[in-house]
Amino acid sequence: VAHQQVLAPLVSRLYASAVNHLSWPVDCPGSARGNGRPRGKHIAYYLWRFPILTQTFIQREVRALKEAGLAVHVVADAAQDVELLGPDARSLMEHTEYLLPINAERLRAYKHRFSWRKPLRYLSLFLYVVLHRYTRYKTFAKDMEVFDKAVYLAGTLEDRNIDHLHSPWADRCAFVSLIASRLLGVPYSVQGRAYDIHR
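Q: Explain the environment of Glu61 to me, using residue names and the numbers behind them.
A: Structurally, Glu61 can be placed in helix H2 (residues 56–67). Separated by 107 residues in the primary sequence, Glu61 and Pro168 place their C-alpha atoms 9.8 Å from one another. Ignoring anything within four residues of it in the chain, the contact list for Glu61 reads Tyr45, His166, Gln191 and Arg193. Side-chain polar atoms of Glu61 contact the side chain of Arg193, separated by 3.4 Å.

Written as structure tokens, this is what we have:
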């Protein structure tokens, strides 16, 4: 017990020091942007929750892109305000893929797929998550959760032949999308709006 009381703060300080001093740009060696597939044909929107009652503008945006002829695939962690949603929002739910709860078997398969295909890229992106401050309250357990979610998102999108990944919010979903896009080797975009801009 005494060793744990001494080691835990030391490990915590070493982790914080690594995060503060050992980070690098995302375009590190082994994180190529493309993989030769045709681009711009299948777009994925990734959000934390969708649809949300207070974010009807994103619902309108997705509908407008679909009506313009683009293949838009919405992926979200979960739905929200389901009992309050109108018929239009409920119809969007039918065409939204939800990631939670994460299927452990699929996650293992995706980890195996990406780590064997491009081991250096996989490792560099894992270290990128560990050594970058993407949120104010950062822990190694949270890093593992974020990386697992990025791998799961990347595998899901690869199964759907996605050519472009878009995050309509500049929040943690944007960071997860960034890592997933590099694992896939597809372009990535992000929108900053509302409180994102003030942050």
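Q: Provide a residue-level description of the pattern of salt bridges, including the pertinent values.
A: Across all of its chains, the model carries nine salt bridges by this definition. Members of the salt-bridge network, linked through shared partners, are Arg113, Arg117, Glu158 and Asp159.

Q: I'd like a rundown of the sheet that holds strand E4 (residues 164–167), residues and numbers included.
A: A sheet is described by the order of its strands in space; here five strands give the open sequence E3-E2-E1-E4-E5, paired in parallel fashion. Since the sheet does not close on itself, it has two edges, and those belong to strand E3 (96–98) and strand E5 (188–190), each with one partner. Adjacent strand axes in the sheet meet at a mean angle of 25 degrees when their direction is disregarded. Sheet topology places E4 next to E5; three bridges connect them, and they run parallel.

Q: Which residues make up the environment of Tyr122, and what values do they have?
A: Inspection of the secondary structure assignment puts Tyr122 in helix H5 (residues 119–130). Sequence-wise, Tyr122 and Leu183 are 61 residues apart; in three dimensions their C-alpha atoms are separated by 6.9 Å. Setting aside chain neighbours within four positions, we find Tyr122 in contact with Lys111, Phe114, Ser115, Phe147, Val151 and Leu183.

Procedures and definitions
Residues numbered from 1 in each chain as written. Predicted model: local features only at pLDDT ≥ 70, side-chain atom pairs only at ≥ 80, totals over all residues. Heavy atoms only, no water. Helix = DSSP H or I, 4+ residues; strand = E, 2+ residues; numbered from the N terminus. Contact = heavy atoms within 4.5 Å. Polar contact = N/O pair within 3.5 Å; in protein donor to acceptor, adjacent residues only side chain to side chain. Salt bridge = Lys/Arg side-chain N within 4 Å of Asp/Glu carboxyl O. Pairing = 2+ DSSP bridges. Axes fitted to C-alpha atoms, helices over the stretch in contact; angles between N-to-C directions.

Geometric values such as these leave the question of function open.
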